[in-house]
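# Commentary on secondary and tertiary structure
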Amino acid sequence: MLSKLKLTVALTAGLVFGSAAAAQTELTVYTAVEAEDLARYAETFEAANPDIKINWVRDSTGIITAKLLAERDNPQADVIWGLAGTSLLLLKSEGMLEPYAPAGVEALDPRFVDDSTPPSWTGMDAYVAAVCFNTVEGEKLGLSLPSSWQDLTDPMYSGHIIMPNPNSSGTGFLDVSSWLQIFGEDGGWEYMDKLHENIARYTHSGSKPCKMAAAGEIPIGISFAFRGAKSKAAGAPLEIIVPTEGVGWEMEATAIVAGTANLEAAQKLVDFSVTKEANEMYNTGYAVVAYPGIAKPVEHFPEGLLEAMIDNDFEYAANNRAAILKEWQARYDGKSEAK
């Protein structure tokens, strides 16, 4: 029989050996998912895959997209988890994604799956544009409740609106690309010229304008609906407005980076990303998810929002992304926050 000391040493050695074995593969995962969700995602995946550890690299959509493009010839990431679908379309066109059909992908809504065979990316969830209006601050300033995108160009709102910079925020880019689709190429830029007159500043985060409106730091934030619903549920005096012309939307998606040295572990992570369990996790942060029948009703989610989602042309947005961002930068960047 082992003495108590020997047994302790043996157990300790076993734990050390087990710990080393449990972390055989580390995946570098680039993401634009809200930081508050990442620990929960990693814990759930690693509990089912104790031999794989996720190392997140998190930043805004534009920053992550630019980082991946800059690393094109020397990729540093193994997997992209939660980046805008239009960014992944761009990366796919550059040959930077490893095609892979994750186990169970057939269960997803086809709108959330790349149409190549095998697919180069798979969608997770969708975020939809909306306007957050602080009713207390609005009343103090005598502001009427806007109902349309065009209403926001009224001079009464001068200096009272914040929206995200599309060069750094996926939410900002979906706004700009949707306005160009709703109003047409010329009409979209004319609209943004007028809106710019009322903009106080452009942020580098898609959720920040709504958070600031919720905190009363600005009366109006152009952001996404789910963030508004969460803030309203927490007690913020917000009205979440669905503009009558329709609203842009974007999906978050996942892909394997071509050339990864950890392909098998990367495939396991992407397999997990399409599961029912993973989609249930997404539903705690997003109202629309890729796995049909999973999404539960979200308190304070604005009525009519899903019906107002435009028939988004993702190919248009992806193929024209660089030109749109360059034009936007030239016209409006003077009001952007310092990075």
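Just so it is clear, the structure is predicted and the values come from calculations on it, not from any experiment.

Right, let's talk about the overall build of the protein chain for a bit. The number of helices and strands found in the protein chain is 14 helices and eleven strands. For the protein chain, the C-alpha radius of gyration of 22 Å lies close to 20 Å, the compact-globule estimate for 339 residues. Along the first, second and third principal axes, the C-alpha set of the protein chain runs to 85 × 45 × 40 Å. Considering only intrachain contacts with a sequence separation of at least 6, the fraction spanning at least 24 residues in the protein chain is 75%. Summed over its atoms, the accessible surface of the protein chain is roughly 14800 Å², and 52% of this surface lies on carbon and sulfur atoms. The positive charge centre, built from 25 side chains, and the negative charge centre, built from 46, are 7 Å apart in the protein chain.

The next thing to look at is the domain arrangement of the protein chain. Once the domains are mapped, the protein chain shows domain 1 (27-125 + 251-289) and domain 2 (127-249 + 305-335). Between domain 1 and domain 2, the C-alpha centre-to-centre distance is 26 Å. Facing the 21 residues of domain 1 at the interface are 19 residues of domain 2. Carbon and sulfur atoms make up 61% of the surface buried where domain 1 meets domain 2, a total of about 1600 Å² over both sides. It is Thr 86, Leu 89 and Met 251 in domain 1 that bury the most area against domain 2; as a group they hold 29% of the surface buried on that side. The interface formed by domain 1 and domain 2 includes three salt bridges. Residue Glu 36 pairs with Arg 227 through a salt bridge whose shortest N-O separation is 3.5 Å. In this structure, the connection of domain 1 to domain 2 is made through five residue pairs in polar contact (both at pLDDT 80 or more). Elements that contribute at least two residues to the side of domain 1 that touches domain 2 include exactly helix 3 (61-70), helix 4 (85-93) and strand 10 (249-257). Within the side of domain 1 that touches domain 2, the residues separate by chemical class into eight nonpolar, nine polar and four charged.

On to the confidence of the model for the protein chain, then. Across the protein chain, pLDDT averages 91, with 93% of residues at or above 70. Residue range residues 1-21 is modelled with pLDDT below 50. Its contacts to residues more than four positions away, or to other chains, number two contacts.

Take the pattern of salt bridges next. Side chains that carry opposite charge are capable of pairing whenever their charged atoms lie near each other. Under the defined criterion, the tally for this structure stands at 14 salt bridges. The residue Arg 331 makes a salt bridge to Asp 193 at a minimum N-O spacing of 2.9 Å. Placement of the pair is Arg 331 in helix 14 (residues 321-332) and Asp 193 in helix 7 (residues 185-198), with a sequence separation of 138 residues. Overall, the relative accessible area of 35% leaves Arg 331 in the partly exposed class.

For the structure shown, the criterion picks out 15 aromatic pairs. Both rings, one in Tyr 202 and one in Trp 328, keep their centres 4.8 Å apart while their planes meet at 80 degrees; by these two values the pair is edge-to-face. Within this pair, whereas Tyr 202 is found in strand 7 (residues 199-203), its partner Trp 328 is found in helix 14, the two being separated by 126 residues in sequence. For the pair Tyr 202 and Trp 328, one class covers both residues: buried.

Here we come to the pairing of strand 1 (residues 25-31). Burial analysis of strand 1 places five of its seven residues in the buried class, the great majority of the element. Where strand 1 lies against strand 2 (residues 52-58), seven bridges are found, and the strand directions are parallel. The residue bridging Leu 27 from the neighbouring strand is Ile 54, located in strand 2. Handedness of the strand 1-helix 2 (residues 35-48)-strand 2 crossover: right-handed.

Moving on: the packing of helix 3 against helix 4. Where helix 3 meets helix 4, the closest approach of the two axes is 10 Å, and the angle between their N-to-C directions is 10 degrees. Judged by the inter-axis angle, helix 3 sits roughly parallel to helix 4. For the pair helix 3 and helix 4, the contacting residues are Thr 61, Thr 65, Leu 68 and Leu 69 in the first and Ser 87, Leu 90 and Leu 91 in the second.

Structurally, the position occupied by Thr 122 is in strand 5 (residues 122-134). For Thr 122, a relative accessible area of 2% gives the class buried. Sequence-distant contacts of Thr 122, that is, excluding residues within four places in its chain, are made with Pro 102, Val 105, Leu 108, Phe 112, Val 113, Ala 253, Thr 254, Val 270, Ser 273 and Val 274.

Our focus in this paragraph is a negative patch on the surface. On the surface, a cluster of negative charge is contributed by Asp 115, Asp 311, Asp 313 and Glu 315. The topology assignment puts Asp 311 in the loop between helix 12 (305-308) and helix 13 (314-319).

Glancing now at the environment of Trp 328. Judged by relative accessible area, which is 1%, Trp 328 ranks as buried. With sequence-adjacent residues up to four places away left out, Trp 328 is seen in contact with Asn 165, Pro 166, Asn 167, Val 176, Trp 189, Met 192, Tyr 202, Asp 333 and Ser 336.

What counts as what
Residues numbered from 1 in each chain as written. Predicted model: local features only at pLDDT ≥ 70, side-chain atom pairs only at ≥ 80, totals over all residues. Heavy atoms only, no water. Helix = DSSP H or I, 4+ residues; strand = E, 2+ residues; numbered from the N terminus. Rg over C-alpha atoms; globule rule 2.2 N^0.38 Å. Contact = heavy atoms within 4.5 Å. Areas by Shrake-Rupley, 256 points an atom, 1.4 Å probe, with all protein chains shown as cover. Lys, Arg positive; Asp, Glu negative; His and termini not counted. Charge placed at Lys NZ, Arg CZ, Asp CG, Glu CD. Domains from an automatic or database assignment. Buried area = accessible area lost by both parts, 1.4 Å probe. Salt bridge = Lys/Arg side-chain N within 4 Å of Asp/Glu carboxyl O. Polar contact = N/O pair within 3.5 Å; in protein donor to acceptor, adjacent residues only side chain to side chain. Nonpolar A, V, L, I, M, F, W, Y, C, P; charged D, E, K, R; others polar. pLDDT = per-residue confidence, 0-100. Buried < 20%, exposed > 50% of the residue type's maximum accessible area, 1.4 Å probe, protein only. Phe/Tyr/Trp six-rings, centres within 6.5 Å; stacked < 30°, edge-to-face > 60°. Pairing = 2+ DSSP bridges. Right-handed = clockwise from strand over helix to strand, strands pointing away. Axes fitted to C-alpha atoms, helices over the stretch in contact; angles between N-to-C directions. Parallel < 35°, antiparallel > 145°, perpendicular 65-115°, else oblique. Patch = residues over 30% accessible without salt bridge, like charges linked within 9 Å, V, L, I, M, F, W, Y side chains within 5 Å.

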